[in-house]
Amino acid sequence: MGLLGTVTAIGMVDYFAGDLPTIEQLQTSKLTQTSRILDRNGNLIEALYHQNRTVVPLSKISIKLQRATIDTEDRSFYANSGVDYRRLMIAIAYDLTHHTATLGGSTITEQVVKNDVLDTQEAQSRTISRKFHELVLAEEMERRYSKPQILELYLNSIPYGNGAYGAEAAAETYFQVHAGNLSLAQASFLAGLPQAPTEYDPFGTPDQLAASKDRWGQILDGMVTVGDISSAAAHAAYNSDMLDRMIAAHKALPSSHNPMTAHFVDYVEQYIAQRYGTRALYEGGLMIYTTLDLPTQALADKWVKSGVATYAKRGVNTGAMLVMNPNDGEILAMVGSADYNDAAIRGQINLTGVDPLGWRGVGSSFKVYTYGAALQAGLITPASLLNDQVGVIGGHTFNDWDAKHEGYISLRTALAQSRNLPALWTYGRVGGAQVTTFMHQLGVTATIENPDGVATTLGHDPLSMAEHLSAYSAFDNGGYRISPHPVLKVIDADGTALEAFDPSANRVQVISSDLGYMMTDLLRGPVKLYLGDLGARPVAGKSGTTEAYTGSIFIGYTPGLAVAASLMHIDAGPDCKSGYAYLATNFPPSGWQCPTGVLFGENVGISVWKPFLEAYYSNHPWPAMWTQPAGVVTRQVCSYDGGYVTSGGYSEIFLKGTGEPTYPCGANPPPGAAPYQPPSLSPSPSPKP
């Protein structure tokens, strides 16, 4: 009978404990961990979790918390074999006499088994067989694992309330410190929470706060009883201002989804989920170092909001800004709307265009693709005279914003003043296929609705602001196509680098550095014309205003920074409430395309783009001016027709060889111009005696 009992007991233990996981398996598969999104300098942007947990070794958990927990949950922890049979028998007797089925008296080891080994359904059941299974596994766990290993598992797994699982997350949630730095008052307070985290919520109702304080007193009394602390120490901790300071600090913390960075966080979450899955994102303990610079983000957010307030009377209610490194696409700031939490402006739609829902028309800032394609093809030069005289093109009549005609003007003047007719005539000459090919080479993926229509150059087609800014960046960086990038590196919970951004990878030159420099030099014109003292700096940019003022943009760069900013009106519903819908003549305005008052892209440049740039460079050194490459030459030309002269003209830059003027001054007069009269040479002064 004894032998049969022994064999039966061994068989039952083997049956119940056969699948007991290893410590490593428990840590990696059972203990889900919080992932963290950090800015480029390691500052926390946001924590992502289903259970907010950061696993740390026992050596990094305060000994005060260890003792307070043992004193509270299992005073015989270091002496028992995983089951405290004395406590168990007392609990059973209590259950029988009170007609309950609590089956209490669990040790720390039993709680680890219940929380981290048993499946959820079995752990929640209140049956004799479940309790027996728990006891057998607890005894077996004590044989396989050391007491410190079991305590480490316990302190990393138990819930402390307010989404915090484990000691490290609890210390950060309640006190903004690491678990290893907890004081006696803090450690004893945390030790009481796992019994009933919801009931003892200090951030909840007054009753919950009072309950948590009572529970705290019980924990301190228990520590005094076992001799771990003195009565004086317990009294000092309990009567400190710790709770008041904890609650005040909690109220001062930003919301879990900070609206200032929410659009960028959404973008990063999508990026990580596509590569590693949502489980890794919310449970994998990833450290996601992003490209974002929080001070730059704060500046961008400030000036977008300022622009919205400045032009609120014109119907503006939202805006966006994107700031990138033009050399590799690193996103330094991303403001997707004026208010992420404002549903009335569809605030959670990212207007920087990383989501196609946020694509918008870009107005005259599209003209750079027309002129860039024409310069690349050798059809025009910066000195070429373009038609700002005839407004009828292909049977359609076009006008400029001021309804004026300036005759025939140089490309440089036409671009600086953003004249429409020169761009329309140039687009027709180059051809839509060549212009859209040029645009796509630079990285803009949008499909153009009617590439054969010359009005395409006026920028009514919706584009991604992010791709638009990336395309402009190619003019700045020597002709290389870049794409927006949000992440510098990703490190998993074990410290293994899953990826690291390589700026030189897939680096493709799509236009010559010579053409890039020429476009940059031309784009300095609008800055000099509209943005005051920035014209003396290495700054290039272009404005854009869409039909009926449904959107206004200013986009440009310095040698180290690319910035796009926009202002507009958006309503949540299908109809516009901006009050300026009557300005829309060629389309039915919807909540997405609401006309504002008369707001030009230059207004955005003056009120948002320029002050942001000035604020940024008040804390960063201005870069040096762009260097003219050998493939760009300076020649003397005349203003009459852009032909070359040996003297008496003005200096202009050209692409060496194919892009230089091929005719002498006077050989290519614009239509209707008076015959060219060479400047008369002044007689030499007579020599004096």
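To keep things clear, this report deals only with the structure shown in the data block. Counting from 1, residues in each chain are numbered in the order their sequence is written. Selection of residues for local features in this predicted model requires a pLDDT of at least 70, selection of side-chain atom pairs for listing and counting requires 80 or more, and totals for whole chains, interfaces and linings are taken over all residues. Side-chain measures were taken over the full set of non-hydrogen atoms in the model, leaving aside hydrogen atoms and water.

**Description of the overall build of the chain**
Point 1. Along the chain, the regular secondary structure elements total 23 helices and 22 strands.
Point 2. With a 1.4 Å probe rolled over the protein chains alone, any residue whose accessible area is under 20% of its type maximum counts as buried; one over 50% counts as exposed, and the rest are partly exposed. Residues counted as buried form 53% of the 689 residues belonging to the chain.
Point 3. Any two residues having at least one pair of non-hydrogen atoms within 4.5 Å are treated as being in contact. Counted over contacts in the chain with a minimum sequence separation of 6, partners at least 24 positions apart contribute 68%.
Point 4. All accessible areas in this document rest on Shrake-Rupley with a 1.4 Å probe, and a residue is counted as covered only by the protein chains that are shown. For the chain, the exposed surface amounts to about 30,300 Å²; the carbon and sulfur share of it is 54%. Per the convention used, a helix needs a DSSP run of H or I reaching at least four residues, while a strand needs a run of E reaching at least two, with both numbered from the N terminus.

**A short note on the environment of Tyr-282**
Point 1. One can find Tyr-282 in helix α15 (residues 278-283).
Point 2. In this structure the C-alpha to C-alpha distance between Tyr-282 and Asn-52, which are 230 residues apart in sequence, comes to 8.9 Å.
Point 3. Apart from the residues within four sequence positions on either side, Tyr-282 is in contact with Gln-33, Ser-35, Leu-48, Tyr-49, His-50 and Glu-269.

**A closer look at the sheet that holds strand β2 (residues 44-48)**
Point 1. Read across the open sheet, the 5 strands follow the order β2-β1-β5-β15-β16; overall the sheet is mixed. Only two strands of the sheet have a single partner each, and these edge strands are β2 and β16 (497-500). Shown here is a sheet whose adjacent strand axes are inclined to one another by a mean of 15°, direction ignored.
Point 2. Direction of pairing for strand β15 (residues 487-491) relative to β16: antiparallel, over a ladder of 3 bridges. Looking at β16, one finds that Val-490 is bridged to Glu-499. For two strands to pair, DSSP has to find at least two bridges joining them. Between N-to-C directions, angles cover 0 to 180 degrees, with each direction set by a line fitted to C-alpha atoms, over the stretch in contact for helices.

**Considerations on helix α3 (residues 63-73)**
Point 1. Every buried residue of α3 is accounted for by Leu-65, Gln-66, Ala-68, Thr-69, Ile-70, Asp-71 and Glu-73.
Point 2. Throughout this description, a polar contact denotes any pair of N or O atoms lying within 3.5 Å of each other; where both atoms belong to protein, one of them has to be capable of donating a hydrogen while the other can accept it, and for residues adjacent in sequence the pair is counted only when both atoms sit in side chains. Its side-chain oxygen placed 3.1 Å from the backbone nitrogen of Lys-64, Ser-62 serves as the N-cap of α3.

**What to know about the packing of α3 against helix α11 (residues 206-225)**
Point 1. Contact geometry for α3 and α11: axes closest at 9 Å, N-to-C directions at 95°. In this view, α3 runs roughly perpendicular relative to α11, as classed from their interaxial angle. Listed contacts from α11 to Lys-64, Ala-68, Asp-71, Thr-72 and Glu-73 of α3 are Arg-215, Ile-219 and Met-223.
Point 2. Residue composition of the contact of α3 with α11, grouped by class: 3 nonpolar, 1 polar and 4 charged. Working rule for angles: under 35 degrees goes down as roughly parallel, over 145 as roughly antiparallel, 65 to 115 as roughly perpendicular, anything else as oblique. Residues are grouped as follows: Ala, Val, Leu, Ile, Met, Phe, Trp, Tyr, Cys and Pro are nonpolar; Asp, Glu, Lys and Arg are charged; every other residue, Gly included, is polar.

**Topic: the nonpolar core**
Point 1. The definition of a nonpolar core used throughout is a set of buried Ala, Val, Leu, Ile, Met, Phe, Trp, Tyr and Cys residues joined through side-chain atoms within 4.5 Å. Core analysis: the biggest nonpolar cluster contains 81 residues, and Ile-288, Tyr-369, Leu-442 and Phe-475 have the highest contact counts within it.
Point 2. Counting 53 residues, the second-largest nonpolar core is a separate cluster that includes Leu-31, Ile-70, Val-112 and Ala-167.

**A few points about the state of the cysteines**
Point 1. Disulfides are defined in this document as cysteine sulfur pairs within 2.5 Å. Enumeration according to the criterion identifies 2 disulfides in this entry.
Point 2. Cys-576 shares a disulfide with Cys-594; S-S distance 2.4 Å. The chirality of the disulfide connecting Cys-576 with Cys-594 is left-handed, given an S-S dihedral of about -105°. One end of the pair, Cys-576, is in the loop between β20 (561-568) and α23 (601-617); the other, Cys-594, is in the loop between β20 and α23, with 18 residues separating them in the sequence.
Point 3. Described in terms of the sequence order of its bonded cysteines, the disulfide pattern of the chain is 1-2, 3-4.

**Describing the sheet that holds β20**
Point 1. The sheet built from 5 strands is open, its strands ordered β7-β6-β20-β19-β18 with antiparallel pairing. At either margin of the open sheet sits one strand with a lone partner, and together these are β7 (331-335) and β18 (540-545). Shown here is a sheet whose adjacent strand axes are inclined to one another by a mean of 5°, direction ignored.
Point 2. Sheet topology note: the strand β19 (residues 552-558)/β20 ladder contains 7 bridges and is antiparallel.

**Here we look at the packing of aromatic side chains**
Point 1. Whether two aromatic rings pair depends on their centres lying within 6.5 Å, for rings of Phe, Tyr and Trp, where Trp uses its six-membered ring; planes under 30 degrees apart make the pair stacked, over 60 edge-to-face, and the rest tilted. This model, assessed by the stated rule, comprises 16 aromatic pairs.
Point 2. Geometrically, the ring pair formed by Tyr-174 and Phe-175 is tilted, given 6.5 Å between the ring centres and 50° between the ring planes.
Point 3. On the basis of an interplanar angle of 85° and a centroid distance of 5.5 Å, the ring pair of Tyr-549 and Phe-600 is categorised as edge-to-face. Residue Tyr-549 is found in the loop between β18 and β19, and its partner Phe-600 is found in the loop between β20 and α23; the two are separated by 51 residues along the sequence.
Point 4. Since its relative accessible area comes to 23%, Phe-600 is described here as partly exposed.
Point 5. Grouping aromatic residues by their ring pairs yields a cluster made of Tyr-174, Phe-175, Phe-189, Phe-203, Trp-216 and Tyr-238.
Point 6. Ring-over charges, as used throughout, are those where CZ of Arg or NZ of Lys falls within 6 Å of the ring centre and within 35 degrees of the ring normal. The ring of Tyr-238 is capped by Lys-213, whose NZ or CZ atom sits 5.4 Å from the centre of that ring.
Point 7. Over the aromatic face of Tyr-289 sits the side chain of Lys-489, whose NZ or CZ is 4.8 Å from the ring centroid.

**Some points on helix α9 (residues 167-175)**
Point 1. Of all 9 residues that make up α9, 8 are buried, and the element is covered over most of its length.
Point 2. Taken as a whole, α9 has its buried residues at Ala-167, Glu-168, Ala-169, Ala-170, Ala-171, Thr-173, Tyr-174 and Phe-175.
Point 3. Where α9 is buried, its residues contact α3, α8 (147-157), β3 (159-161), β4 (164-165), α10 (184-191) and α13 (242-252).
Point 4. Once α9 finishes, Gln-176 follows within two positions and takes phi at roughly 55°, a positive value.

**Describing the pairing of β2**
Point 1. As paired strands, strand β1 (residues 35-38) and β2 are joined by 4 bridges and run antiparallel to one another. Pairing of Ser-35 across the sheet is with Leu-48, part of β2.

**Re the packing of α11 against helix α12 (residues 231-238)**
Point 1. One can describe the packing of α11 onto α12 by two numbers: an axis separation of 9 Å at closest approach and a directional angle of 165°. Classified by the interaxial angle, the pair formed by α11 and α12 is roughly antiparallel. Considering only the axes of α11 and α12, their crossing is right-handed. Taken together, the residues of α12 that come into contact with α11 (itself represented by Lys-213, Asp-214, Trp-216, Gly-217, Leu-220 and Val-224) are Ser-231, Ala-234, Ala-237 and Tyr-238.
Point 2. In terms of residue class, the contact of α11 with α12 is built from 6 nonpolar, 2 polar and 2 charged. Should the near helix be turned anticlockwise from the far one by less than a right angle, the crossing is termed left-handed; should it be turned clockwise, right-handed.

**Describing empty space enclosed by the protein**
Point 1. Put plainly, a pocket is an open set of points on a 1 Å grid over the protein atoms alone with protein on both sides within 12 Å along at least five of seven lines, a cavity is a set where a 1.4 Å probe fits but cannot get out, and a lining residue has an atom within 4 Å of a point. Grid points are joined across faces, edges and corners, and a volume is the space filled by probe spheres set on the points. Tallied over the full model, the rule gives 1 cavity of 30 Å³ or more.
Point 2. When its volume is computed, the largest cavity comes out at roughly 110 Å³.
Point 3. In terms of lining residues, the largest cavity is bounded by 14 residues, among which Arg-360, Gly-361, Met-465, Ile-553 and Ser-566 are the most central.
Point 4. For the lining of the largest cavity, the elements supplying multiple residues, two or more each, are β8 (360-361), β19 and β20.
Point 5. For the lining of the largest cavity, the element with the highest residue contribution is β20, accounting for 3 residues.
Point 6. Across the lining of the largest cavity, the residue classes break down as 8 nonpolar, 5 polar and 1 charged.

**A short note on a nonpolar patch on the surface**
Point 1. A contiguous nonpolar surface patch, about 230 Å² in accessible area, is contributed by Val-390, Val-392 and Trp-425.
Point 2. By the secondary structure assignment, Trp-425 is in helix α19 (residues 420-430). Residues enter patches when they are more than 30% accessible in relative terms and free of salt bridges; like-charged ones are connected within 9 Å and nonpolar ones (Val, Leu, Ile, Met, Phe, Trp, Tyr) within 5 Å. Salt bridges are identified by distance alone: a Lys or Arg side-chain nitrogen within 4 Å of an Asp or Glu carboxyl oxygen.

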